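Chain by chain, the residues run as shown.
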Amino acid sequence: MKPRQSNFWKVFSVPLAIGLVSATGLFAALLGEGAWDALSWIGLGIPVWISVRGLLKR
Amino acid sequence: MKSKTIRRWSFIHTWTSLICTAFLLMLALTGLPLIFSHEIDHLLGNAPQVQALPEGTPQLDLQQLVQAAEAHRPGEVMQYFGWEEDEPNAVYAIMAATAGTEPNSSHTFMLDTRTGQPIEVPSANGGFMMVMLRLHVDMFAGLPGKLLLAFMGTLFVLAIISGTVLYLPFMRRNEFASVRTDKSRRLRWLDLHNLIGVVTLTWALVVGVTGVISACADLIIDAWRNDSLSAMVEPYRNAPPLTRHAPATHLLEIAHQAAPGMQPDFIAFPGTRFSSEHHYAVFMKGSTHLTSHLLTPVLIDASTLDVTAVGDRPWYMNAMGMSQPLHFGDYGGMPMKILWAALDLLTIIVLGSGLYLWWVRRTVRKESAR
């Protein structure tokens, strides 16, 4: 089971981190304005930025 | 993961996606302009223009507004008054032939709360944006349309989950965010499908689940009527129908006293689906950012103006209230709307590339079978 476990973290650690960042972004703006809004723009901006970078790769 | 397990998940991913793709593409495309409906209304000149009057011009009371509305649309009755935070000098009014008339046959307009002048809101009653909204909400098919879309949304969520499971075997030998651009078109789109799919996953899940909840709104409101509302108005079960209502003049003051610290969101007039035959229901929202999406009804007897009950908030009504901002993306200013649109477009790319990958593999398999 050992090698498979390390496989899981190797593959999913970055997506999981991005998932947490997006979730923070989604819920931050529900709590307030100003800094909370800015936090949500960063949280939702990161997945958009990574996607666009992938699309532009030639 | 065993190859048999992979094949099983792959089967789930292929078919849940294929069945919902056409609907999801329609939802993503119609959802795009809906994100900016406020801005589009302004651009098209459809946004209601509230007259500029000197600061401190006195406001009419609610009964005067009811009379102004009735004078504007004779023969119709009031269904709802609603408030918008960014428009302190106007109120939304919804009227129809009878109080129980279904929402799509009602007429929505605004009233200037200082003069009682009606202000038409064309985009609330028809036009391009209304077509987008109806396609997005029920495809012009009423409850069956909503439930079909709720089912498609559920398949979408299943497709996301199975896609995430498949991400592991596909990515075992690849670095995160690697896109193989030098081999074949199929590999490039496979990598992009995996990359964009996995990074937009949280957003797509939240928008998917909240969309399913919103699509079930009619059922949720019915549950509230049968459960919470019917208990509150139990003493009125055999009361004769009202022939006239006490004036609405002080409804807001009464509701404020019954639910201190809360703000009015809308009033449901007697006989509408958000009230009983014998009550005005003033729906109060919390005054913090988070609780402003949660509504507490204050039921006011429509003949004596006594408070019958301050409603509780069943969990499913809270879930419906919180689903709205999380589905619309309208709670974090213009940058959030732009990001929402970008994520929507990225979802279209994931759907399109998924369809393409399925098609390419299918033709390859057919040729090898030959």
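The shown structure was predicted, so the numbers you read here are calculated from the model rather than taken from an experiment.

K.L.:
Any details on the overall build of chain A? Residues and values, ideally.
P.N.:
Scanning chain A from terminus to terminus reveals 2 helices and 0 strands. The C-alpha radius of gyration computed for chain A amounts to 15 Å, which surpasses the reference 10 Å derived for 58 residues by more than 25%, pointing to a less compact arrangement than a globule. Along the first, second and third principal axes, the C-alpha atoms of chain A reach 45 × 35 × 10 Å. Put simply, chain A has 58 residues, and 28% of those count as buried.

K.L.:
A description of unusual backbone geometry should follow, citing residues and the corresponding values.
P.N.:
All names here are of chain B. For methionine 139, which is not glycine, the phi dihedral falls at a positive 50 degrees. In this fold, methionine 139 is placed in the loop between helix H4 (128-137) and helix H5 (142-171). For methionine 139, a count of 17 C-beta atoms within 10 Å translates into the label partly exposed. The phi dihedral of alanine 177 falls on the positive side, at around 70 degrees, and the residue is not glycine.

K.L.:
Outline the packing of helix H8 (residues 217-232) of chain B against helix H10 (residues 315-328) of chain B, supporting the account with residue identities and numerical values.
P.N.:
All names here are of chain B. At a minimum axis distance of 10 Å, the contact between H8 and H10 shows a crossing angle of 145 degrees. Seen along the crossing, H8 lies across H10 with a hand that is left-handed. Here Ala217, Ile220, Ala223 and Trp224 of H8 come into contact with H10, specifically with Tyr316, Met317 and Met320. When grouped by side-chain class, the residues that make up the contact of H8 with H10 number 7 nonpolar, no polar and no charged.

K.L.:
Describe helix H3 (residues 62-72) of chain B, naming the residues involved and giving the relevant values.
P.N.:
All names here are of chain B. For H3, the set of buried residues is Leu62, Leu65, Val66 and Ala69. Buried residues of H3, seen end-on, are gathered within an arc of 105 degrees and therefore sit on one face of the element. For H3, the secondary structure elements touched by its buried residues are strand S1 (77-82), strand S2 (90-96), strand S3 (107-112) and helix H9 (251-258).

K.L.:
Now, about the sheet that holds strand S6 (residues 279-285) of chain B: what can you tell me, with residues and values included?
P.N.:
Residues and elements named next belong to chain B. Strand order in the open sheet made by the 8 strands is S4-S3-S2-S1-S5-S6-S7-S8, with antiparallel pairing throughout. This sheet does not close on itself; its edge strands, each paired only once, are strand S4 (118-120) and strand S8 (307-310). Neighbour to neighbour, the strand axes of the sheet diverge by 30 degrees on average, direction disregarded. Bridge count for S2 against S3 is 6 bridges, and the pairing is antiparallel. For methionine 95, the partnering residue across the bridge sits in S3 and is histidine 107.

K.L.:
How would you summarise the UniProt feature "transmembrane region" (unreviewed entry) in chain B if you had to cite specific residues and measurements?
P.N.:
Residue and element names in this part refer to chain B. Mapped onto this numbering, the UniProt entry gives "transmembrane region" (unreviewed entry) at residues 12-36, 147-171, 192-221 and 338-360. Helix makes up 100% of residues 147-171 and strand makes up 0%, while its end C-alpha atoms are separated by 36 Å. Here residues 192-221 runs as 93% helix and 0% strand, with 41 Å between its end C-alpha atoms.

K.L.:
Which residues make up the interface of chain A and chain B, and what values do they have?
P.N.:
Contacts between chain A and chain B engage 27 residues on the former and 31 residues on the latter. Contributions of two or more residues to the side of chain A that touches chain B are made by helix H1 (2-31) and helix H2 (35-56) of chain A. With 13 residues, the top contributor of residues to the side of chain A that touches chain B is H1(A).

K.L.:
Please provide a residue-by-residue account of the pairing of S1(B), values included.
P.N.:
Residues and elements named next belong to chain B. Within S1, 5 of the 6 residues are buried, leaving the element largely enclosed by the surrounding structure. In this sheet, strand S5 (residues 263-268) lies alongside S1 in antiparallel orientation, the contact comprising 3 bridges. Its bridge partner being in S5, glycine 82 is matched across the sheet by phenylalanine 266.

K.L.:
If you had to explain the domain arrangement of chain B to someone new, which residues and values would you point to?
P.N.:
Splitting chain B by domain gives domain 1 (3-39 + 134-214 + 329-369) and domain 2 (62-106 + 243-302). Distance from the C-alpha centre of domain 1 of chain B to the C-alpha centre of domain 2 of chain B: 40 Å.

K.L.:
Tell me about the nonpolar core, and please be specific about residues and values.
P.N.:
Residues and elements named next belong to chain B. Ranked by size, the top nonpolar core spans 81 residues in total, and within it Ala93, Leu251, Ile267, Tyr280, Val282 and Met284 carry the most contacts. Element by element, the count of residues in this core is highest for helix H11 (residues 333-369), at 7 residues. The residue makeup of this core includes at least three contributed by each of domain 1 (3-39 + 134-214 + 329-369) and domain 2 (62-106 + 243-302).

K.L.:
Provide a residue-level description of the pairing of S6(B), including the pertinent values.
P.N.:
Residues and elements named next belong to chain B. For S6, the buried fraction is high: 7 of the 7 residues fall into the buried class. Burial of the side chains of S6 extends over both faces: His279, Ala281, Phe283 and Lys285 are buried on one face and Tyr280, Val282 and Met284 on the other. Taken together, the 7 bridges between S6 and strand S7 (residues 295-301) define a ladder with antiparallel strand orientation. The residue of S7 that forms the bridge with alanine 281 is leucine 299.

K.L.:
Just give me the short version of the packing of H5(B) against helix H7 (residues 201-215) of chain B, but keep the residues and values in it.
P.N.:
Residue and element names in this part refer to chain B. It is at 8 Å that the axes of H5 and H7 come closest, and there the two elements cross at 155 degrees. For the element pair H5 / H7, the angle class is roughly antiparallel. The two elements H5 and H7 cross, and the hand of that crossing is left-handed. Where H5 abuts H7, its residues Lys146, Leu149, Ala150, Gly153, Thr154, Phe156, Val157, Ile160 and Thr164 lie against Leu201, Ala204, Leu205, Gly208, Val209, Gly211, Val212 and Ala215. Here the residues of the contact of H5 with H7 are counted per class, giving 11 nonpolar, 5 polar and 1 charged.

K.L.:
Could you give an account of the environment of Ala28(B), naming the residues involved and the relevant values?
P.N.:
Here Ala28(B) is to be found in helix H1 (residues 3-35). For the pair Ala28(B) and Pro122(B), spaced 94 residues apart in the sequence, the C-alpha separation amounts to 24 Å.

Basis of the calculations
- Residues numbered from 1 in each chain as written.
- Chains lettered and ligands numbered in written order.
- Predicted model: local features only at pLDDT ≥ 70, side-chain atom pairs only at ≥ 80, totals over all residues.
- Helix = DSSP H or I, 4+ residues; strand = E, 2+ residues; numbered from the N terminus.
- Rg over C-alpha atoms; globule rule 2.2 N^0.38 Å.
- Buried ≥ 20, exposed ≤ 12 C-beta atoms within 10 Å, placed from the backbone.
- Axes fitted to C-alpha atoms, helices over the stretch in contact; angles between N-to-C directions.
- Left-handed = near helix turned anticlockwise from the far one by under 90°.
- Contact = placed C-beta atoms within 7 Å.
- Nonpolar A, V, L, I, M, F, W, Y, C, P; charged D, E, K, R; others polar.
- Arc of directions from axis to C-beta.
- Pairing = 2+ DSSP bridges.
- UniProt positions renumbered as here; feature names shortened; annotations may be inferred.
- Domains from an automatic or database assignment.
- Core = buried A, V, L, I, M, F, W, Y, C linked by C-beta atoms within 7 Å.
- Parallel < 35°, antiparallel > 145°, perpendicular 65-115°, else oblique.

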